[in-house]
Amino acid sequence: MNDQNPIPPQIPPQLPPVMPASGPRPLGDDPSERVAIPNVIVAIEAVLRHPRRVMFQLRQPGAGRLITAMLFVSVVCALIYGVVAGTFSGGTQLWAAPVKIAVGLMISALICLPSLYIFTCLGGSQARLIEVGGLLAGLLMLMTILLIGFAPVAWIFSQSTESLAWMGTLHLVFWFIATLFGLRFLEAGFSHSNARSLAGFRTWVVIFLLVAVQMTTALRPILGTSETFLPTEKKFFMAHWGDCLKAQDEASKSESR
Amino acid sequence: MYALDELNPREISVLLCGEPERIAAWAGQWSARRLALHVVVIIVGAGLYGAAMGWWRDPQQALFTAVKFPLIILFTTGGNALLNAMLAPLLGLNIPFRQSFSAILMSFVIAAAILGAFSPLLAFMVWNAPSMSPEAVSGSTYSFIKLTHVAVIAFAGITGNVRLFQLLAQLGGSRTVARRVLFAWLAVNLFLGSQLSWTLRPFIGSPLLPVEFFRAAALHGNFYENIFHSLLQIFQQFD
Amino acid sequence: MHDHQPVRLGSIGVFLRARPELLREWVLRRQLNLVMFCVVAIVIGAGVYGAVMGSWRGPWQALYTGIKLPLAILLTTLGNGLLNGMLAPLLGLNLTFRQSLAVVLMSFAVMSLVLGALSPVAWFVVWNTPPLTAAMQLSSPEYGVMQLTLAGFIALAGIVGNVHLLPLLSEWARSVFTARKVLFAWLAGNLFLGSQICWVLRPFIWDPARSVEFIGREYFHGSFFETVFEAARRLILS
């Protein structure tokens, strides 16, 4: 029935891939990339110095262990950074801030994982769901490790300022820089999966950034104090930041009076 | 432990001359002796310069600034050590932690050595200046001393960073990568260093305020907030 | 890798990654399989997204929108099936009625899969929107942000679905120009009918004037385009 079509199926010329033919070296061509990653310390070292080794290992059987290790490191580093963030207010925030930062990061990643997989598939990437999940775990790990690097700076500032708006901005800038490096890792990972286009991936990046930023409002207060662990009022981040800046402005005005 | 008499101060001249091969070899191996030498040079060089800086206000201010100046350098190097070590491989320069730490420390050693060398000149200038009083601070003397400090510190900082750039280019084999890493390190060191200097103020001192190690409001507000408020005040004047 | 051999259309990944030549082969040889896959993808993907949209109003609205959104897509595809089947050969693309139906369905399936994947994000947006209270109006900024985000996701998914279709049509017509002509003609027809179907099936999120119901009788009065025309006339004359 379907064979009634007058045009016989022919093999058309293939669409050129977005990546140049001379583009990224195939993963695993360097023997050092094929060495297994046995523990979390090696995983941290690899994601910083030999990201291709991580990318290669994520394609091998048993990648689940590596992904678990990377997620574990991400949670631990997020908790440590959270403690530093919590020192701004002290008290209950010393445990509330780390819990919120770690949980918020994991939920953001979980919410965005399905769309990441669909967008990468649409871009022609051959990456399986587990590999996409692994690359996302790598992003989280790299991001949180870098946040640990920023922690001493953040701590010094949190001890010398009372401005909530200032500290919030500082943490957001650190988070943004760390995320940029994480996204670079993710993009490099996808460039090795025969992706024809990165447009979908870039759209996803915008969604991921917005979700993560909104998470800071959904789980507020992370830096300041409150009577309840979670907010009783729902707000979008623009409205929340606007309120914070207004409160800060009013506080500085009354101080100058 | 190495005794202090085993330190070889001639190594400092190698650093100042900027012999990338030798410096790169030093950065590659961890030596407690060399680390101690570098810390001593920073303490002595920056300390002497700090003393000359604070002397105009009071000998006690000279002592305080002599302690605080090296502290800023050491805290900045230590506080950013982890971050700098992560930034280097992420920006294409695959060096281990100890190498990035040594490289930055050596650039500060060069700056401190230059500052130390200029400290007698600064001391001479301060000695010739009229003693610190409200009139002197509002006149051209204060401006001249301040600008001289800015010029000497800028010269020492630039020289240290030029040497650091040469070392990074030697280690990474690429000037582009070296430039990228140097700018990233400079940015984070400036960011933290400015705040530490703000917290540890005063350095020159003020004739109207008492001599003290920290200001009472040392931990209130931060450097960047202060700049922001100053800018706000300037713009409000135009309203 | 799998360019010349028929690959089993069993997973979302295979469907989304497929190159134009493979998609064409499926349309030619595995039509029933493809249609079934697309219908399931539309029902689940758009259904889940619809449920998330309606969940802000309440569980019943979630159920109704979860049914109405895939229904709107399927009704648009079927309603325009004949027209799309005629437009394609008229504009230079030799497709049979069934083939054009399968191709349009495929584009909607991609759109629905994107919507399904964005559902967790959409749910997060809905969850962050202040709940419906007496003070909430259609002009409330919080409601506006949610509405705009949800509509933005649908627009994004629609664009992705159509962009995904273009290489297949180009490959089939052997001309990008013809493929574009056909795609725009289909788009215009689908937009025209789809807008009216959505108008009849509204509300998808919330109607402040009415209680929750599947389709209100008064929604059959007037049309989307009449309302737009009337609004434009009022705007110009005032």
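The model shown is predicted, which means the values in this text are computed figures rather than measured ones.

### Side note on the overall build of chain B
Helix and strand content of chain B: 10 helices and zero strands. Helices and strands appear in chain B in the N-to-C order α-α-α-α-α-α-α-α-α-α. The C-alpha radius of gyration of chain B comes to 19 Å, within 12% of the 18 Å expected for a compact globule of 239 residues. Projected onto the principal axes, the alpha-carbon positions of chain B cover approximately 55 × 50 × 30 Å. The burial tally for chain B puts 40% of its 239 residues in the buried class. Within chain B, residue pairs in contact and separated by at least 24 positions form 76% of the contacts whose partners lie at least 6 positions apart.

### A look at the overall build of chain A
Looking only at helices and strands, one finds eight helices and zero strands in chain A. The order of helices and strands in chain A, counted from the N terminus, is α-α-α-α-α-α-α-α. Split into buried and exposed, the 257 residues of chain A put 44% on the buried side. Within chain A, contacts between residues at least 6 apart in sequence are counted, and of these 69% link residues at least 24 apart.

### Remarks on the interface of chain A and chain C
If you look at the interface, chain A gives 25 residues, while chain C gives 30 residues. Among the elements that take part in the side of chain A that touches chain C, helix 4 (residues 93-122) of chain A stands out by supplying eight residues, more than any other. Partitioning the side of chain A that touches chain C into residue classes produces 17 nonpolar, seven polar and one charged.

### Considerations on unusual backbone geometry
With an omega of 10 degrees, the peptide bond running from B:Arg201 to B:Pro202 counts as cis. Checked against the element boundaries, B:Pro202 lands in the loop between helix 9 (175-199) and helix 10 (223-238). The backbone of C:Arg174 shows a phi angle near 60 degrees, a positive value even though the residue is not glycine. By secondary structure assignment, the location of C:Arg174 is in the loop between helix 7 (141-173) and helix 8 (176-201).

### Notes on the packing of helix 5 (residues 129-160) of chain A against helix 6 (residues 164-191) of chain A
All names here are of chain A. Between helix 5 and helix 6, whose axes approach to 8 Å, the crossing angle comes to 155 degrees. Classified by the angle their axes make, helix 5 and helix 6 are roughly antiparallel. For helix 5 against helix 6, the interelement crossing comes out right-handed. Its residues assigned to classes, the contact of helix 5 with helix 6 shows 19 nonpolar, six polar and no charged.

### Looking at the interface of chain B and chain A
Interface size is commonly expressed as the accessible area that is lost once the parts come together. At the interface, 17 residues of chain B touch 18 residues of chain A. Within the residue set of the side of chain B that touches chain A, elements represented by two or more residues are helix 5 (81-90) and helix 9 of chain B. Looking at side-chain class alone, the side of chain B that touches chain A contains eight nonpolar, eight polar and one charged residues.

### Some points on the arrangement of the chains
By number of contacts, the leading pair among the two pairs of chains in contact is chains A and C. Nothing in chain B touches chain C, and the closest approach of their C-alpha atoms is 30 Å.

### Things to note about the confidence of the model for chain A
Residue and element names in this part refer to chain A. A residue-level look at chain A finds 89% of positions with pLDDT of 70 or above and a mean pLDDT of 85. Within chain A, the lowest mean pLDDT, 79, falls on helix 8 (residues 237-256), and the highest, 95, falls on helix 3 (residues 63-86). Below pLDDT 50 for its whole length, residues 1-21 participates in 24 contacts with residues either more than four positions away or in separate chains.

### Some words on the confidence of the model for chain B
Residue and element names in this part refer to chain B. Across chain B, pLDDT averages 85, with 95% of residues at or above 70. Low pLDDT (under 50) marks residues 1-6, which in the prediction has four contacts with non-local residues, meaning those over four places away or in another chain. Model confidence for the complex is summarised by a pTM of 0.79, with the ipTM given as 0.75.

### Some words on the nonpolar core
For soluble globular proteins, the rule of thumb is that nonpolar side chains tend to be buried together. Ranked by size, the top nonpolar core spans 200 residues in total, and within it A:Leu147, B:Val109, B:Ala112, B:Leu168, C:Met106 and C:Val114 carry the most contacts. The element that contributes the greatest number of residues to this core is helix 6 (residues 97-128) of chain C, accounting for 20 residues.

### What about the packing of helix 1 (residues 10-17) of chain B against helix 6 (residues 97-128) of chain B?
Residues and elements named next belong to chain B. The contact between helix 1 and helix 6 brings their axes to 10 Å, and the two run at 100 degrees. Accordingly, the angle class assigned to the pair helix 1 and helix 6 is roughly perpendicular. In this structure, helix 1 uses Ile 12, Leu 15 and Leu 16 to contact helix 6, whose residues at the interface are Met 106, Val 109, Ile 110 and Ala 113.

### Quick look at helix 8 (residues 140-172) of chain B
Each α-helix turn comprises 3.6 residues. Residues three or four places apart therefore point the same way. Residue and element names in this part refer to chain B. Its 33 residues give helix 8 an end-to-end C-alpha distance of 47 Å, which sits within 8% of 48 Å, the value for a rise of 1.5 Å per residue. Within helix 8, burial applies to Ile 145, Val 152, Ala 156, Gly 157, Gly 160, Arg 163, Leu 164, Phe 165, Leu 167, Leu 168, Ala 169 and Leu 171. Residue Gly 173 follows helix 8 closely and has a positive phi angle near 75 degrees.

### Focus on the environment of A:Leu223
Residues and elements named next belong to chain A. Take Leu 223: it is sitting in the loop between helix 7 (199-218) and helix 8. In the structure, Leu 223 is positioned 141 residues away from Gly 82 in sequence and 9.3 Å away in space, judged by C-alpha atoms. In this view, Leu 223 contacts Ala 85, Phe 88, Ser 89, Leu 164, Met 167 and Gly 168; residues no more than four positions away in its chain are not counted.

### Section: the environment of B:Ala25
Residues and elements named next belong to chain B. Here Ala 25 shows up in helix 2 (residues 20-28). Judged by the 11 C-beta atoms lying within 10 Å of it, Ala 25 falls in the exposed class. Taking the C-alpha atoms as reference points, Ala 25 and Leu 182, separated by 157 residues in sequence, lie 19 Å from one another.

### As for the environment of C:Val182
Residue and element names in this part refer to chain C. Summarising the element assignment, Val 182 is placed in helix 8. Overall, Val 182 belongs to the buried group, with 27 C-beta atoms counted inside 10 Å. Here the alpha-carbon distance between Val 182 and Asn 162, two residues 20 residues apart in the chain, equals 11 Å. Setting aside anything within four residues of it in sequence, one finds Val 182 in contact with Leu 87, Ala 88, Leu 91, Leu 93 and Leu 169.

Analysis parameters
Residues numbered from 1 in each chain as written. Chains lettered and ligands numbered in written order. Predicted model: local features only at pLDDT ≥ 70, side-chain atom pairs only at ≥ 80, totals over all residues. Helix = DSSP H or I, 4+ residues; strand = E, 2+ residues; numbered from the N terminus. Rg over C-alpha atoms; globule rule 2.2 N^0.38 Å. Buried ≥ 20, exposed ≤ 12 C-beta atoms within 10 Å, placed from the backbone. Contact = placed C-beta atoms within 7 Å. Nonpolar A, V, L, I, M, F, W, Y, C, P; charged D, E, K, R; others polar. Axes fitted to C-alpha atoms, helices over the stretch in contact; angles between N-to-C directions. Parallel < 35°, antiparallel > 145°, perpendicular 65-115°, else oblique. Left-handed = near helix turned anticlockwise from the far one by under 90°. pLDDT = per-residue confidence, 0-100. Core = buried A, V, L, I, M, F, W, Y, C linked by C-beta atoms within 7 Å. Expected span 1.5 Å × (residues − 1).

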